[in-house]
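Chains, contacts and geometry: an overview
Listed here are the chains, written in short residue letters.
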Amino acid sequence: MSEVQITAQVRTEFGKGAARRVRRAHQVPGVIYGHGAEPKHVTLPGHELLLALRTPNVLISLDIEGDGKELVIPKAVQRDPLKGFLEHVDLLAVKRGEKVTVEVVVSTEGELAPGGNLLEHVLNSLPVEAEATHIPDGVTVSVEGLEAGTSILAKDIPLPKGTTLAVDEDTVVLQVVAAQAEAPAEGEGAEGEGAEAAAE
């Protein structure tokens, strides 16, 4: 897992007006919390933060001007719903060797059994516990040859060494369902005939 270096500043002004000024300067307001310490308010460079957040659960080494260094991971990111720019970020302070609970993306590989089966993602991400500096980017599970009615549980998903489940092992993550595209089409036809008969 890569570590991204970002320089940040301590934020001393608060409120909507102050936040707008921060964003106009292409900065993002953020809060660092964790380890029982008082929340720390900072501003971060918008472009660098945006690039860093492309990696899920990215480990960020913050160099906070006048306040030392802090190792953090993103916990909540707020974006403008229309323009997509970063509005605010919550960061969790972590230490090397410390275990943290995060959600990792579940990816699949392979083809389902023939017959028009569909794969349903009950969970798009899987809660896991991992060492803060070794958080996996995601997990991959094979669906090769699976037939309708098959479920993949949390315990069936291979995890990297040092990573453990943070959810009940019998939680359904993926399930294969039979395609039902034809049945609605027949029903629609019957309704259409009924409507024509009523019109006559």
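Scroll up for the structure.
Being a predicted model, the structure only gives us computed values, none of them experimental.

Procedures and definitions
- Chains are numbered independently. Their residues run from 1 in the order of the written sequence.
- Confidence filtering applies because this is a predicted model: local features only for residues at pLDDT of at least 70, side-chain atom pairs given and counted only at 80 or more, and all residues used for totals across whole chains, interfaces and linings.
- Working from all heavy atoms in the structure, the side-chain values ignore hydrogens and water.
- Paired strands, in this sense, are two strands between which DSSP finds at least two bridges.
- Counting from the N terminus, the helices are the DSSP runs of H or I reaching at least four residues and the strands are the DSSP runs of E reaching at least two.
- Buried residues of nine kinds, namely Ala, Val, Leu, Ile, Met, Phe, Trp, Tyr and Cys, make up a nonpolar core once their side-chain atoms join them within 4.5 Å.
- Using a 1.4 Å probe on the protein chains alone, a residue whose accessible area is under 20% of its type maximum counts as buried, one over 50% counts as exposed, and one in between counts as partly exposed.
- The contact criterion used is simple: two residues touch if any of their non-hydrogen atoms lie within 4.5 Å.

1. A short note on the pairing of strand β5 (residues 68-79)
The pairing of strand β4 (residues 59-64) with β5 spans 5 bridges and is classified as antiparallel. Paired with Leu62 across the two strands is Glu70, which belongs to β5. Hairpin connection of β4 to β5: 3 residues between the antiparallel strands, including Gly66 at a positive phi of 80°. Pairing geometry for β5 and strand β6 (residues 86-93), over 7 bridges, is antiparallel. Directly across from Ile73, in β6, lies its bridge partner Leu92. The antiparallel hairpin formed by β5 and β6 contains 6 residues in its connecting segment, where Gly84 sits at a positive phi of about 85°.

2. Notes on the pairing of strand β7 (residues 99-109)
Sheet topology places β7 next to strand β9 (residues 125-131); 7 bridges connect them, and they run antiparallel. Of the residues in β9, the one forming a bridge with Glu103 is Pro127. Sheet topology note: the β7/strand β10 (residues 138-142) ladder contains 5 bridges and is parallel. In the strand pairing of β10, Ser107 is matched with Thr140.

3. So, the nonpolar core
If you look at the biggest cluster of nonpolar residues, it comprises 25 residues, and the most contacted ones within it are Ile73, Val94, Leu126 and Ile157. Not counting chain neighbours up to four residues away, the residues in contact with Val94 comprise His35, Leu59, Leu71, Val72, Ile73, Val100 and Ala132. Listed in part, the 18 residues of the second largest apolar core include Leu44, Val58, Ile64 and Leu86.

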